[in-house]
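Residue-level structure breakdown
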Amino acid sequence: MNAVTKTQALEKMARDFAAVSGVYNGADVTSPYEQMKEWREKTPVLEGDILRIFRAPSQADWMGTGRKVYTVFRYKDVHQILRDDRNWLSKQNAEGFGSAVDNFLLTGMDGEEHHKWRAILQPPMMPNAIKKWKDNLICPIIEDEFIGAMRPKGKSDLLLDFVLAFPVRVVYKMFGLPDDMVAAMQSAGWALQIVGGPRFDPEEMKTSIPAAMEAGQRLYEYVLPAVQERRKSGVVRDDMIGFLMGLNVDGKSFTDEDITTFIRMTLLAAGETTSRSFGNMIVLLLERPDVWERLRQDRSLIPKAVVETMRLETVAGHLARLAARDMEIGGVTIKKDEAVTVCISSANRDPEVYANPDELILDRPMRPVMSFGFGPHICMGMHLAKLEMEIALNAMLDLPNFRLDPDYPKPVIRGIQLRGPDQLHVKWDVA
Ligand code: HEM
């Protein structure tokens, strides 16, 4: 039996979450947007890595090899790089994380290997496939495990009571992992420790990378028995484990170890990104009571609110690519094996594409937003993440007079990468 209580598990997860925020916010930045604007206008392809400038781990050179890195700020240049996976490679993404997840990382694969795995793994993540999870999984989790208990209280530390845990619960159930909140929170903590492995300071990496590897192993040891039990039981279930067990690739089925490795990789990507994006959305909307009220009255605007807030506050604000050959971007030559950090946060505020880019405008003409990446590596879980956020926002809109709690300081969205609110205390009226 697990001796840890749900509250203890959540608090531990919140500490792991805050630790990751700290890793990616070395320079303690609240708004990097003025600086990004200046670079976008004056040096749209900057020699240097914005992440290192802001004292965060460099994705383009996790291991500090000294590889030359440029940062790309304009939408058109970011777009050009992300859609071209022949000339702009992703393999360096696996340098920091790869060993913690047995080198099975879609974001670190290229070419044939990437296309093959993407084609195999993507179907259960497509809109038609995830639609079914709305009523039989996501809505019940949100109401029965979270909002139902929160509603009579009239106030909440929303990060702890809801934001951190709900995407984890959704994904774990969808994947077919054990229905155990405490174990889910503990293992989500290990996923966070893996994400927090890379560091700005190479000295810190001497301990943080082994710790990330150990967390990777613990996460593996958590998932594997669930897969083995399913296999032994012979029960066919319509979830991710069931889907993976039913697959046959090149005449071979996946082993339990293969399935575990895939699920572990996805757990890194699925939880905190959604938590941070949702937290940012709530902060941005509650800072604008008129927009909140408009959404409350017209729920058809919810999908736009999700996309527009993710544009303004992009969680995975920087992605990295490696030049496969000498390339030219924005008039600058990037040599083979040099790298770029593409600044999605800046692209998402490029006035060439978005009028009044620093304003939250629900009625903006829909343009592809880069917050889930773009091109062949575009987020595989984006339809799920959007659906989760839409349903959760709808539930918050139902809480009467939902507002920031005036007894606490206003939440501040922080960080250069993995941006998120430092805290989020809210109130509502109880009938
Ligand atoms: C709001 C939440 C999320 C955000 C902001 C986000 C963001 C991203 C971004 C920017 C990428 C592209 C990485 C690159 O091009 O290098 C990506 C890839 C990926 N995401 Fe997400 N993600 C979110 C939620 C999820 C969820 C819920 C899942 C799974 C259930 C997921 C699974 C993946 C996977 C597997 C990839 C790798 C795709 C590939 O390389 O082909 N993500 N995500």
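The structure we're discussing is the one just above.
Here's what I pulled together on the structure shown here. (Residues numbered from 1 in each chain as written. Predicted model: local features only at pLDDT ≥ 70, side-chain atom pairs only at ≥ 80, totals over all residues. Heavy atoms only, no water.)

Remarks on the packing of aromatic side chains
For any two aromatic rings, the description comes down to two numbers: the centre-to-centre distance and the angle of the planes. For the structure shown, the criterion picks out 11 aromatic pairs. Geometrically, the ring pair formed by Y172 and Y222 is tilted, given 6.1 Å between the ring centres and 35° between the ring planes. Here the residue Y172 occupies a position in helix α9 (residues 166–175), and Y222 occupies one in helix α11 (residues 202–233), the gap between them amounting to 50 residues. The pair Y172 / Y222 is uniform in exposure class, with both members buried. The interplanar angle of 20° and the centroid separation of 5.3 Å between the aromatic rings of W292 and F402 together place this pair among those described as stacked. Residue W292 is found in helix α15 (residues 289–297), and its partner F402 is found in the loop between α18 (382–397) and β11 (403–404); the two are separated by 110 residues along the sequence. Given the relative accessible area of 5%, W292 is considered buried. (Phe/Tyr/Trp six-rings, centres within 6.5 Å; stacked < 30°, edge-to-face > 60°. Helix = DSSP H or I, 4+ residues; strand = E, 2+ residues; numbered from the N terminus. Buried < 20%, exposed > 50% of the residue type's maximum accessible area, 1.4 Å probe, protein only.)

Overview of the sheet that holds strand β2 (residues 69–72)
Strand pairing in a sheet takes place through backbone hydrogen bonds and is either antiparallel or parallel in direction. Strand order in the open sheet made by the five strands is β1-β2-β10-β7-β3, with mixed pairing throughout. Sheet topology places β1 (45–47) and β3 (88–89) at the edges, where each strand pairs with a single neighbour. By the bridge criterion, two bridges tie β3 to strand β7 (residues 318–323) in an arrangement that is antiparallel. Note that in β7 the partner of W88 across the bridge is A323. Contacting β1, β2, β3, β7 and β10 (339–343), helix α4 (residues 75–83) crosses the sheet at an angle of about 125° to β10. (Pairing = 2+ DSSP bridges. Contact = heavy atoms within 4.5 Å. Axes fitted to C-alpha atoms, helices over the stretch in contact; angles between N-to-C directions.)

Considerations on the side chain of Q423
Within the fold, Q423 resides in the loop between β13 (420–421) and β14 (425–427). Judged by relative accessible area, Q423 falls into the buried class, the value being 17%. Looking at Q423, its side chain comes within polar contact range of the main-chain oxygen of P409, at 2.8 Å. (Polar contact = N/O pair within 3.5 Å; in protein donor to acceptor, adjacent residues only side chain to side chain.)

What about the coordination of the iron atom of the ligand?
If you check the protein contacts of the iron atom of the ligand, you find one donor only, C379 (SG), at 2.3 Å. Of note, C379 is situated in the loop between α17 (344–347) and α18. (Donors = N, O, S within 2.8 Å, 3.2 Å for Na, K, Ca; no water.)

Looking at the packing of helix α10 (residues 181–195) against α11
When two helices pack together, their arrangement is given by the angle between their axes and by how far apart the axes lie. Contact geometry of α10 with α11 gives a least axis separation of 8 Å together with a crossing angle of 145°. The crossing of α10 and α11 is left-handed. Between α10 and α11, the contacting residues are A183, A184, S187, W190, A191, Q193 and I194 on the first element and A212, A215, G216, R218, L219 and Y222 on the second. Across the contact of α10 with α11, the residue classes tally to nine nonpolar, three polar and one charged. (Left-handed = near helix turned anticlockwise from the far one by under 90°. Nonpolar A, V, L, I, M, F, W, Y, C, P; charged D, E, K, R; others polar.)

Quick word on the site of the ligand
Around the ligand, the structure places 26 residues, and the nearest of them are H114, R118, R321, H377 and C379. L106 is positioned with one of its backbone polar atoms (N or O) 3.4 Å from an oxygen atom of the ligand. Between the ligand and T107, the relevant distance is 3.4 Å, taken from an oxygen atom to a main-chain nitrogen or oxygen of the residue. Its residues assigned to classes, the shell around the ligand shows 13 nonpolar, 11 polar and two charged. (Near = heavy atom within 4 Å.)

As for the pattern of salt bridges
Oppositely charged side chains may form a pair once their charged atoms are brought near each other. All told, the structure shown has 31 salt bridges when counted by the stated rule. Across the salt bridge formed by R67 and E95, the nearest N and O atoms sit 2.8 Å from each other. One end of the pair, R67, is in the loop between α3 (50–53) and β2; the other, E95, is in helix α5 (residues 94–97), and 28 residues separate them in sequence. Note on E95: relative accessible area 31%, which makes it partly exposed. Across the salt bridge formed by R419 and E313, the nearest N and O atoms sit 2.7 Å from each other. (Salt bridge = Lys/Arg side-chain N within 4 Å of Asp/Glu carboxyl O.)

Quick word on the sheet that holds β11
The three strands are arranged β4-β14-β11 in an open sheet whose pairing can be described as antiparallel. Two strands lie at the open edges of the sheet, namely β4 (155–157) and β11, each paired on one side alone. Two strands pair when backbone bridges link them, and β11 and β14 are joined in this way by two bridges, in the antiparallel orientation. Opposite R403, over in β14, you have K427 as the bridge partner.

Considerations on the side chain of T260
Summarising the element assignment, T260 is placed in helix α13 (residues 256–270). Look past the residues within four positions of T260 in its chain and what remains in contact with it is Y220, V223, L224 and V227.

A short note on unusual backbone geometry
Positive phi, normally seen in glycine, also occurs at N356, with a value near 40°. Its location among the elements puts N356 in the loop between α17 and α18. Taking the relative accessible area as the measure of exposure, N356 reaches 47% and is therefore partly exposed. In the Ramachandran plot, N401 falls in the positive-phi region, its phi being about 55° despite a non-glycine side chain.

Comments concerning the environment of E308
The residue E308 is located in helix α16 (residues 302–312) in this model. Its relative accessible area of 5% is what places E308 among the buried residues. For the pair E308 and I50, spaced 258 residues apart in sequence, the C-alpha separation works out to 24 Å. Once you skip the residues sitting within four places of it in the chain, E308 turns out to touch E359, L360, I361 and R364. Polar side-chain contacts of E308 include one of 2.8 Å to the backbone nitrogen of I361. At a separation of 2.8 Å, a polar atom in the side chain of E308 contacts the side chain of R364.

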